[in-house]
Amino acid sequence: MSTVRTVLGDIHPEELGVCDAHDHLFLRSPQLPGQELDDLSAARAELTAFRAAGGAAVVQWTPYGMGRRAADLPGLSRATGVHLVCATGLHQAAHYAPESLGGLGDRLSELFVAELTEGIGSSGVRAGLIKVAGGFHGLDAHARRTMTAAAEAHHATGAPIAVHLELGTGALDVLDLLCGESGVPGHRVILGHLNRFPDPVVLRQAAGSGCWLAFDGPSRAHHATDWRMPEAVRALAEAGYGDRLLLGGDTVVAGARSVDGGPGMPYLLRRVRPRLAEAVGAELVDRILSEHPGRAFAVDWK
């Protein structure tokens, strides 16, 4: 039976409810100095605000070595009543000190499998997905190594693989590696940030692989996120790919939390949901938020 692996244990897909399919409660990176998501009380307040807006689940894509605070996630889930899914995996090399990556050696897939099946460190919390990252319009050696390890971990566990696409690019290269060379089924791959580079031809080609297409994160000044997203989603739905879509908030810095004056997690339900409903109808948006995440993250765990 397929289940979603939350920080409090495995649940049936339909139990997730309204889900932010890509976000962050905790995140630290040398690329974002002074903007760390590392405040437990702020994380709890953000989840409480999301719950008040109608949210029921959050998938945290923060991978290994970026301040996941896995041990704190069960308490947050219990306190707020929000299901939480935690990630293993590895981001781009720029988000790590060289010595920390060097210390991992050739045991990446072993690490990912252990965090999915045994737990993250001594926390007892098991990850429910593998997060990896591509580069801008391509894959460097680090990305290929990480994604190959993620594919090995998928074959060992069944876990889905969620991919950060740099500025939304490189989707087809990722699919060539994961689904082509490494044999990962398309429906086990989730491509993130496609809203940032909404090429309609690439979107249709990616959807044709059977993968999940995640539109995640409100617009920045140089992104085509909010104002082009409805037309991109409508085009995909009209092409027959409405059942492959996910939505997320992708809060990555402290100033972006709603409790710190930014859009935060509630923005997904407060603004994105009604705007998207105008383009494709409330019924499809409800399925994207409440049904699709359960299908995307549910696994027949090995």
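Anything mentioned here points back to the structure above.
Source: prediction; values computed, not measured.

1. Examining the environment of alanine 296
Inspection of the secondary structure puts alanine 296 in helix α11 (residues 292-297). Considering only alpha carbons, one finds alanine 296 and valine 189, 107 residues apart in sequence, at a separation of 8.3 Å. In this structure alanine 296 touches Pro160, Arg188, Ile190, Trp212 and Leu246, once residues within four positions along its chain are discounted.

2. Structural notes on the sheet that holds strand β10 (residues 212-216)
Within the open sheet, the six strands sit side by side as β6-β7-β8-β9-β10-β11. Their pairing is parallel. Of all the strands in the sheet, the pair left with one neighbour each is β6 (87-89) and β11 (245-248). Averaged over neighbouring strand pairs, the angle between their axes works out to 30° when direction is ignored. Relative to strand β7 (residues 129-133), β6 runs parallel, the two sharing three bridges. Within the sheet, the bridge partner assigned to threonine 88 lies in β7 and is isoleucine 130.

3. Re the side chain of glutamine 92
Checked against the element boundaries, glutamine 92 lands in the loop between β6 and α3 (98-102). Of the residues examined, glutamine 92 reaches a relative accessible area of 17% and is grouped as buried. Within the local environment of glutamine 92, its side chain forms a polar contact with the backbone oxygen of glycine 134, the two atoms lying 2.8 Å apart. In this structure glutamine 92 touches Ala133, Gly134, Gly135, His142, His164 and Glu166, once residues within four positions along its chain are discounted.

4. Brief notes about helix α5 (residues 141-157)
Helix length check: α5, at 17 residues, gives a terminal C-alpha distance of 24 Å against a target of 24 Å (1.5 Å per residue), a fit within 8%. On its buried face, α5 is in contact with α3, α4 (108-117), β7, β8 (161-164) and α6 (171-181). A side-chain oxygen of the first residue of α5 lies 3.2 Å from the backbone nitrogen of histidine 142; this N-cap is aspartate 140.

5. Points about the sheet that holds strand β3 (residues 19-23)
Here three strands make up an open sheet; going across it, the order is β3-β4-β5 and the pairing parallel. The sheet is open, and its two borders are formed by β3 and β5 (83-85), each paired with just one other strand. On average, each strand axis in the sheet is tilted by 15° relative to the strand beside it, whichever way the strands run. Pairing geometry for β3 and strand β4 (residues 57-60), over three bridges, is parallel. By the bridge assignment for β4, cysteine 19 is matched with alanine 57.

6. Structural notes on the pairing of β4
Consecutive side chains of a regular strand alternate in pointing toward one face of the sheet and then the other. Burial along β4 is two-sided: Ala57 and Val59 and Val58 and Gln60, pointing in opposite directions, are all buried. What joins β3 to β4 is helix α1 (residues 40-52), and the crossover it makes is right-handed. For β4 and β5, the ladder comprises three bridges, and the chain directions are parallel. Bridging from a neighbouring strand, valine 59 pairs with valine 85 of β5. A crossover links β4 with its parallel partner β5, the connecting element being helix α2 (residues 73-80), and its sense is right-handed.

7. Brief notes about the packing of aromatic side chains
Tallied over the entire structure, the rule returns zero aromatic pairs. It is arginine 69 that lies over the ring of phenylalanine 26; its NZ or CZ is 5.0 Å from the centre. Over the face of the ring belonging to tryptophan 212 we find arginine 244, whose NZ or CZ atom lies 4.1 Å from the ring centre.

The rules behind each value
- Residues numbered from 1 in each chain as written.
- Predicted model: local features only at pLDDT ≥ 70, side-chain atom pairs only at ≥ 80, totals over all residues.
- Heavy atoms only, no water.
- Helix = DSSP H or I, 4+ residues; strand = E, 2+ residues; numbered from the N terminus.
- Contact = heavy atoms within 4.5 Å.
- Pairing = 2+ DSSP bridges.
- Axes fitted to C-alpha atoms, helices over the stretch in contact; angles between N-to-C directions.
- Buried < 20%, exposed > 50% of the residue type's maximum accessible area, 1.4 Å probe, protein only.
- Polar contact = N/O pair within 3.5 Å; in protein donor to acceptor, adjacent residues only side chain to side chain.
- Expected span 1.5 Å × (residues − 1).
- Right-handed = clockwise from strand over helix to strand, strands pointing away.
- Phe/Tyr/Trp six-rings, centres within 6.5 Å; stacked < 30°, edge-to-face > 60°.
- Lys NZ or Arg CZ within 6 Å of the ring centre and 35° of its normal.

Everything listed here is a matter of coordinates, which is why it stays silent on function.
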